[in-house]
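Breakdown of the fold
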Amino acid sequence: MLNNMNDEVPLFNAANPDNAGYQAPKADPELISSETTEYYCTLNSHLVYVGTKIDHSTGDRQDLPPLRLCKSLAILGQGVDDYGDHSRVLYWSDPLTKQEQMLALAAADIGERDGWKLLNSKGLEVASGRAAREKLADYLQSQGSQTRYHIANQSGWKCGAFLLPTGEVIGTPDCKIYYPASVEHKSKFAQVRTIEGWRNNVGSLARGNNLAMTSVACSLAGPVLALIGARDGIGLHFHGETSTGKSSCADVGASIWGSPEHIMQSWDGTSIGLTNSAEFSNSIMLYLDEIGAGKAQHMGGIIYTMLNGVSRTQGRKDGGNRTSRRWLLTLISTGEVPMSQYLSEGGQTSRGGQEIRMLDVPVGSGKYRAFDCIHQAKDGAEFSIALTNAARSHYGTVGREFVAWLIANKGSVDGHVKACQDRMLAELPDHVAAPVKRATRKWGILAAALVMASEAELTGWSAEESYQAVRAIWQKWLDDFGLSSRDDERLIEQVENFLESNQFSRFAPLPLSGNESGIHNLAGYRRTMGDSRTEFSLNNAGFKEAIQGYVMKKACEILHTAGMLHRPEGRDQWTRNAGKGLGMVYKMTLRPCKDVQIAAR
């Protein structure tokens, strides 16, 4: 029987604010003798369960021998994570490492094999007996503090504050936040040197180099996305020959949040692994080096997933689906070829949706390849090394200060973004395609992020030179991408290739000669016009093959606008009767400029 029940040992170091003054549950002697038949307490640094029984000879209630459950621990509170799952927040001291341990144990794992395995793996000695584990499960479910926690699964904006991957919270959250930051994340996103050191070293070298400054803009835009209600993320893919300086510029962007060499990851990973990396980089920047290391046949879907910020739908064991995981981030990627070319080489057709999420930025056209100004360096190579060394020696400070500025100036963020977007959109001609406008708005977000950082006096650059740096890289992208829709252009090229490559093998010449039965897989008919142009009449199967991968109605409109598909007058359809025995066909020609080129040859 336990004696001296009010002398239990405090469970943890009182210097810790989360467990200061915490005591184990104490038994009230009056309740023991009248109502209570069981209770929990600590004994010799262990949590124990004490049951009671009635002595039938005397009628008195007696304590049973204490049942050891585990090493003493505190239940600090309960919480719900980003996906609606409940947990209990536990705290204990690891007797082996002498380190304090904090853990959010999922309510679904309490009393289950996975739960006991997790507790043991974190250094909490749990009794192995069935009866002890049943009582411990009851204790974990019903005892301890009811303090409310938000269980964070990722970094970013939480409860009105900003959570870094290290577990640091910037700002004042509405409730307590628990985030299981790993030792790896703490080293990756550490702070080294000061904000002044970054400005005087990295910032001063990057100044005047549009690509390096735009890399900083991309990194800073991560926390801005959620504040403006962005629908998806922004990716920049720096592509160019080796040793152009693209990785040095990417390192500058990575230094905003932490160590560039440790933050940098490889494209050579599984789709699940890359998706997890994107989720863990919520509201900051993901840095992926050398796209050529990845598997091109899977890359298109991965890019969509990472920048769309929505996980795959997954079912629950007990029925229904799990809540989709969501995130918003910016991404910097490097490689020797454009993303669109890399997908094509892997047998994938690049889509406009991918190209305006991952924006291909050509590198190497500056005065010193990736650089426009090398300050006092001997050449571009020496400058690239100096810039890399600076970025890897001063890091992790600007991002923290920028988030603090955003918290203090939330009301002005939308205005800054709209002003930069409107300024860029005003430079576009009226006939520009919708995807180009959408991509330009993304460039406007990048420009606004850098302008705000300049106004916060974090970079050492003026607001105008910050805007002009991003504008210069946007102009390079625009020159490379063009003003039309890439998807529309790809459809037109696909149909042209189909007509040109099959015109003598799968199109019967008109008028018919009677030998058409020898044509295998007939796609339609062809006729030479008086101006030497070729007119194609595609049957239904041939037209569907020509526009494969595109929606019929949209494809017809695009081809008609390009002057290739000819709509019959007075009909609200795209087909016409080609004559007796020929049936309904789609009448087409090559683009006018293409026909002129072919005739000239």
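Residues numbered from 1 in each chain as written. Predicted model: local features only at pLDDT ≥ 70, side-chain atom pairs only at ≥ 80, totals over all residues. Heavy atoms only, no water.

When you go through the chain residue by residue, the secondary structure sums to 22 helices and 22 strands. Taking all 601 residues of the chain together, 49% fall into the buried category. Considering only residue pairs separated by 6 or more positions, the chain has 66% of its internal contacts joining residues 24 or more positions apart. Of the roughly 27900 Å² of accessible surface on the chain, a fraction of 47% belongs to carbon and sulfur atoms. (Helix = DSSP H or I, 4+ residues; strand = E, 2+ residues; numbered from the N terminus. Buried < 20%, exposed > 50% of the residue type's maximum accessible area, 1.4 Å probe, protein only. Contact = heavy atoms within 4.5 Å. Areas by Shrake-Rupley, 256 points an atom, 1.4 Å probe, with all protein chains shown as cover.)

The next thing to look at is the packing of aromatic side chains. How two aromatic rings sit relative to each other is given by the distance of their centres and the angle of their planes. Applying the stated criterion across every chain yields a total of 12 aromatic pairs. Their ring planes at 55° and their centres at 5.6 Å tell us that Tyr-40 and Tyr-49 sit as a pair that is tilted. On the accessibility criterion, Tyr-40 (8% relative accessible area) is buried. Overall, Tyr-49 belongs to the buried group, its relative accessible area being 12%. Taking the centre distance of 6.3 Å and the plane angle of 45° together, the rings of Trp-443 and Trp-477 count as tilted. Of this pair, Trp-443 sits in helix α17 (residues 434-455) while Trp-477 is found in helix α18 (residues 463-481), placing the two residues 34 residues apart along the sequence. A single burial state applies to Trp-443 and to Trp-477, both of which are buried. Connected via pairs of aromatic rings, a cluster forms that spans Tyr-40, Tyr-49 and Tyr-139. It is Arg-423 that lies over the ring of Tyr-467; its NZ or CZ is 3.9 Å from the centre. In this structure, Arg-567 packs its charged tip against the face of Trp-574, placed 4.1 Å from the ring centre. (Phe/Tyr/Trp six-rings, centres within 6.5 Å; stacked < 30°, edge-to-face > 60°. Lys NZ or Arg CZ within 6 Å of the ring centre and 35° of its normal.)

A separate point is the sheet that holds strand β9 (residues 156-158). Taken together, 3 strands build an open sheet; the order of strands is β9-β10-β11 and the sheet is antiparallel. Whereas interior strands pair on both sides, the edge strands pair on one side only; in this sheet they are β9 and β11 (169-170). With 2 bridges connecting them, strand β10 (residues 161-163) and β11 associate as antiparallel partners. Note on β11: the bridge partner recorded for Leu-163 is Val-169. (Pairing = 2+ DSSP bridges.)

All right, on to the sheet that holds strand β16 (residues 330-335) then. Pairing is parallel in the open sheet, where 5 strands are placed in the order β14-β15-β16-β13-β17. The open sheet has two edge strands with one neighbour each: β14 (265-266) and β17 (358-362). Where β14 lies against strand β15 (residues 285-289), 2 bridges are found, and the strand directions are parallel. Along β15, the bridge assignment pairs Ser-266 with Asp-289.

To continue, consider the pairing of strand β2 (residues 46-54). Of all 9 residues in β2, 7 are buried; the element is thus mostly enclosed. Pairing between strand β1 (residues 38-43) and β2: 6 bridges, direction antiparallel. Counted as the bridge partner of Tyr-39 is Val-50 from β2. Joining the antiparallel neighbours β1 and β2 is a turn of 2 residues, in which Asn-44 adopts a positive phi near 55°. Strand direction decides the pairing type here: β2 and strand β3 (residues 61-63), joined by 3 bridges, are antiparallel. Across the sheet, Ile-54 pairs through a bridge with Arg-61, a residue of β3.

Let us look at the packing of helix α16 (residues 410-425) against α17. Here α16 crosses α17 at 130°, and the two axes come no closer than 7 Å. Accordingly, the angle class assigned to the pair α16 and α17 is oblique. For the pair α16 and α17, the crossing hand works out as right-handed. Where α16 approaches α17, its residues Val-413, His-416, Val-417, Cys-420, Gln-421, Met-424 and Leu-425 are matched on the opposing element by Lys-437, Thr-440, Arg-441, Trp-443, Gly-444, Ile-445, Ala-447, Ala-448, Val-451, Met-452 and Glu-455. (Axes fitted to C-alpha atoms, helices over the stretch in contact; angles between N-to-C directions. Parallel < 35°, antiparallel > 145°, perpendicular 65-115°, else oblique. Left-handed = near helix turned anticlockwise from the far one by under 90°.)

The subject of this paragraph is α17. Given 3.6 residues to a turn, an α-helix orients residues that are three or four positions apart in the same direction. A rise of 1.5 Å per residue sets the reference length of α17, with its 22 residues, at 32 Å; its end C-alpha atoms lie 31 Å apart and thus fit the reference within 8%. Along α17, 16 of the 22 residues are buried, which leaves the element largely enclosed by surrounding structure. (Expected span 1.5 Å × (residues − 1).)

Time to look at the side chain of Arg-591. For Arg-591, the location among the structural elements is in the loop between β22 (584-588) and α22 (592-600). Here the side chain of Arg-591 touches Glu-489 through a polar contact of 3.3 Å, side chain to side chain. A polar atom in the side chain of Arg-591 sits 2.8 Å from the side chain of Glu-496. Among residues more than four places away in sequence, those in contact with Arg-591 are Glu-489, Ile-492, Glu-493, Glu-496, Ala-562 and Met-564. (Polar contact = N/O pair within 3.5 Å; in protein donor to acceptor, adjacent residues only side chain to side chain.)

Per the counting criterion, the structure on display carries 25 salt bridges. Of the charged contacts, one joins Glu-465 and Arg-207 as a salt bridge, the two residues approaching to 2.6 Å between their closest N and O atoms. One end of the pair, Glu-465, is in helix α18; the other, Arg-207, is in the loop between α5 (195-206) and α6 (210-220), and 258 residues separate them in sequence. Glu-465 sits in the partly exposed class, given a relative accessible area of 24%. Given the relative accessible area of 35%, Arg-207 is considered partly exposed. (Salt bridge = Lys/Arg side-chain N within 4 Å of Asp/Glu carboxyl O.)

Counting residues in each nonpolar core, the largest one holds 81 residues, and the members touching the most others are Leu-220, Val-224, Trp-257, Phe-402, Trp-443, Leu-446 and Trp-477. No other element matches α17, which puts 12 residues into this core. With residues up to four places along the chain from it excluded, the contact list for Phe-402 reads Leu-220, Pro-223, Val-224, Ala-449, Met-452, Ala-453 and Leu-458. Core analysis: the second largest hydrophobic core is formed by 23 residues, Leu-491, Ile-492, Met-564 and Tyr-586 among them. (Core = buried A, V, L, I, M, F, W, Y, C linked by side-chain atoms within 4.5 Å.)

The element β22 is largely enclosed, with a buried count of 4 among its 5 residues. In terms of strand pairing, strand β20 (residues 534-538) meets β22 through 3 bridges, oriented antiparallel. In the strand pairing of β22, Leu-538 is matched with Tyr-586. Note: strand β21 (residues 576-577) against β22, 2 bridges, orientation antiparallel. Along β22, the bridge assignment pairs Arg-576 with Val-585. Two successive antiparallel strands, β21 and β22, enclose a turn made up of 6 residues, where Gly-579 displays a positive phi of approximately 130°.

With that settled, the discussion passes to the confidence of the model for the chain. On average, residues of the chain carry a pLDDT of 88, and 90% of them reach 70 or more. Low pLDDT, under 50, characterises residues 1-35; the predicted model gives this stretch 61 contacts beyond four residues in sequence or across chains. Low pLDDT, under 50, characterises residues 594-601; the stretch is placed with 8 contacts to residues that sit more than four places away or in other chains. (pLDDT = per-residue confidence, 0-100.)

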